[in-house]
Amino acid sequence: MTGPRSGPDAGSTASSPPEVGLPALLQVLRPIFRDHRLRLGLGFLALVTVDFLQLLIPRFVKSAVDALSAASATSPQLLRLSGYICLVAVFVALLRFIWRNLIIGFSRILEKKLRDRLFAHILRMDQPFFEQWTTGDLMAHAGNDLNAIQMACGMGLVAAVDALVMSTAALAFMLAISVKLTLIALLPMPLLIICTRVLSGRLHHRFNLVQEQFSLLTEFARATLVSIRLIKGYTLEHFQERQFADLGARYVRSNLKVAVIQGLLFPIATLVGNIGMLLLLYYGGTLVIEASISIGSFVAFVSYLYMLIWPMMAVGWVANLAQRGATSLRRIHRLLTRQPLVVTGPTLALPATATVYACRQLRFTYPVATRPALVAVDLEIGPGLLGMSGRTGSGKSTLCKLLLRMYPVADGQLFFRGRDVNLLSQTDLRQCIAYVSQESVLFADTIANNIAFGRPEAAPEEIEAAARAAAIDADIRSFAGGYGAIIGERGVKLSGGQRQRLALARALLCDRPMLIIDDALSAIDVETEQEVLEGILATLAGRQKTVLLVSHRVNVLRRCDRIVLLDEGRIVAQGCHQELLDNQFYRAMAEKQQNHA
Ligand SMILES: Nc1ncnc2c1ncn2[C@@H]1O[C@H](COP(=O)(O)OP(=O)(O)OP(=O)(O)O)[C@@H](O)[C@H]1O
Ligand SMILES: [Mg+2]
């Protein structure tokens, strides 16, 4: 119930499809890059210009030092050189601001576009999808994975280009001064690349653990808050508190492990840089003494060596960012390429047939189940009030969900107005049906907004009329705030029966040709139940409407034109109340409820 889940990707590993290649993955990003090519082009131009401008500074220093050591330096010359350095610094600052805005801004745009696409895609998915991917998985994708892609396409790309340009140019300048000295000074650099590669790999791994721990922590807090009444009922507060503290401690430990690596990375870089400097001072100094190079060249060389340290570090870092980005992109790609199993067809003008819905030998097995939930159901659902009953688990809700097209059905088994549902537009079909599910779904909003959910444009009078038909109007008026009262998360401020009637009012307000009520009057007392029934019958009066009413109550069922009895996924009897009294299950149910009344 409230136990922590097993990592962000737990539910999605069940049926891993074959790995897709990088080019196919990059197709997801290509259109976004294409749309912003101008922005990116300008951004990278600014970035490369910054690199070249920075490389100029050691040249100015070289000229100044050479002039000083030759004792030929004049004040105006020194002033001019420092003026150039200042000017370059100003340009560098300006261009840095520009590329940051353009390139990092692009990575944020990319993240937003991917997030919107992912959200729209998830909204289009069907019930089997939501049974495979948990809320936690989807939240992890929307958070961590998109973030990793954004990092790879933003800072990752910047660091890659920057490191390439900087290192190539710095190396060229160094080689121009002295090939031998360059080779000597570069000796420790591979060590730096290896160290950053290893350490930043560890860093990412540990960072992932931190994020996983954080997901577990937040998921635990969420699950606890959602089931707070249950926890109090079972007096589990201390137990939950200990578990929470435990998760918190693990989160802190994993954060400390990250800090250890981060603490190592920079000192190592400086150490390696200083080893290079040691070699440079010794051999470079000798070259200056031998007068093979000037003091100015030596000073410039030192600056270029410092400039190389960052690109060398970046190589390892960028490799890891790219790896992480590709892994996340693969996960997002897997989500985006999942198609709903429920097929949908074009919009068709449908004839008004006598039968609204027809099931022909309808069979259905849930995606992960071994036993079928419905077996060869033959049923005609026409205008009027059709009751449905049967033992718990007999398949009533399953049938309702199939009528709503929440799960896929095979061809030739389900017909809406004479057409196979697999040839019809899902949206068009659903727009013909108002559905009240077995568990009422309400939002932390006002009562009026909860009722008007399916028709946000409905006038207050219409909302009140729907509430009256669902026999909830009087209750609403008794609340402080009336229709404007906020009902709390999932309607916690309402009684079970009030929640059910509110959900019914929502469906009645939609006024669609077909109404499916899945056992949604179960928490209502017998008197109110009759009042609600009158309300539903009134909406039917004189109109070609179809109502499918699932119920365990004989008092409700007896008002139906026809009743269908299900057992183990089969229809075992159908007829009116009187006819069904011949059925053993129905008669026993009727007698029991008679005795209790
Ligand atoms: N999402 C699901 N995945 C797998 N099996 C399911 C799923 N939903 C329901 N089932 C199974 O399908 C069978 C029929 O369930 P269904 O919900 O249709 O029963 P029901 O007649 O509505 O029962 P109740 O009167 O308790 O609401 C049950 O055995 C149930 O365990
Ligand atoms: Mg049910």
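Calculation notes
Residues numbered from 1 in each chain as written. Chains lettered and ligands numbered in written order. Predicted model: local features only at pLDDT ≥ 70, side-chain atom pairs only at ≥ 80, totals over all residues. Heavy atoms only, no water. Pairing = 2+ DSSP bridges. Helix = DSSP H or I, 4+ residues; strand = E, 2+ residues; numbered from the N terminus. Contact = heavy atoms within 4.5 Å. Axes fitted to C-alpha atoms, helices over the stretch in contact; angles between N-to-C directions. Donors = N, O, S within 2.8 Å, 3.2 Å for Na, K, Ca; no water. Buried < 20%, exposed > 50% of the residue type's maximum accessible area, 1.4 Å probe, protein only. Domains from an automatic or database assignment. Buried area = accessible area lost by both parts, 1.4 Å probe. Salt bridge = Lys/Arg side-chain N within 4 Å of Asp/Glu carboxyl O. Polar contact = N/O pair within 3.5 Å; in protein donor to acceptor, adjacent residues only side chain to side chain. Near = heavy atom within 4 Å. Areas by Shrake-Rupley, 256 points an atom, 1.4 Å probe, with all protein chains shown as cover. Phe/Tyr/Trp six-rings, centres within 6.5 Å; stacked < 30°, edge-to-face > 60°. Lys NZ or Arg CZ within 6 Å of the ring centre and 35° of its normal.

Asks: I'd like to hear about the sheet that holds strand E1 (residues 357-364), residue by residue, with values.
Replies: The strand order across the open sheet formed by four strands is E2-E1-E4-E5, and the pairing between neighbours is antiparallel. Across the chains shown, the open sheet's two edge strands, defined by having one partner strand only, are strand E2 (374-381) and strand E5 (419-420). Of the pairings in the sheet, the one linking E1 to E2 comprises five bridges and is antiparallel in character. When the bridges of E2 are listed, Ala-358 appears paired with Glu-380. Of the strands in this sheet, E1, E2 and strand E4 (414-416) are in contact with helix H12 (residues 396-403), which crosses E1 at around 120 degrees.

Asks: Could you give an account of the coordination of the magnesium ion (ligand 2), naming the residues involved and the relevant values?
Replies: Coordination sphere of the magnesium ion (ligand 2), protein contribution only: Ser-397 (OG) and Gln-438 (OE1), at 1.9 to 2.2 Å. Here Ser-397 is found in helix H12, whereas its partner Gln-438 is found in the loop between strand E6 (433-436) and helix H14 (447-451), with 41 residues between them in sequence. Accessibility expressed as a relative area gives 17% for Ser-397, which makes it buried.

Asks: Give me the lowdown on the domain arrangement of the chain, citing residues and values where you can.
Replies: Here the chain is described as being made up of domain 1 (20-336) and domain 2 (357-596). Computed from C-alpha coordinates alone, the two centres of domain 1 and domain 2 are separated by 56 Å. Contact with domain 1, which involves six residues of that partner, is made by six residues of domain 2. Between domain 1 and domain 2 lies a buried interface of about 550 Å² when both sides are counted; carbon and sulfur atoms form 49% of it. Across the contact surface, domain 1 and domain 2 share zero salt bridges. Connecting domain 1 to domain 2 are two residue pairs in polar contact (both at pLDDT 80 or more). Residue contributions to the side of domain 1 that touches domain 2 peak at three residues, all from helix H5 (residues 127-132).

Asks: Help me get a handle on the site of ligand 1, residues and values and all.
Replies: What surrounds ligand 1 is a group of 14 residues, the closest being Thr-392, Gly-393, Ser-397, Thr-398 and Gln-438. Contact distances for ligand 1 include 2.9 Å between an oxygen atom and a backbone N or O atom of Gly-395. The separation between an oxygen atom of ligand 1 and a polar side-chain atom of Thr-398 is 2.5 Å. When ligand 1 sits alone it has 630 Å² of accessible area, and the protein chains cover 67% of it. Here the element with the most residues in the shell around ligand 1 is H12; it accounts for three residues.

Asks: Now, about the packing of aromatic side chains: what can you tell me, with residues and values included?
Replies: Aromatic rings in a pair are described by how distant their centres are and how their planes are angled relative to each other. Counted by the stated rule, this structure contains 13 aromatic pairs. Ring geometry for Phe-364 versus Tyr-407: centroids 5.4 Å apart, planes at 55 degrees, classification tilted. Of the two residues, Phe-364 is situated in strand E1 and Tyr-407 in the loop between H12 and E4; the sequence distance between them amounts to 43 residues. In this structure Tyr-407 comes out as buried when scored by relative accessible area, which is 2%. Above the face of the Phe-415 ring, Arg-360 is positioned so that its terminal group lies 4.8 Å from the ring centre.

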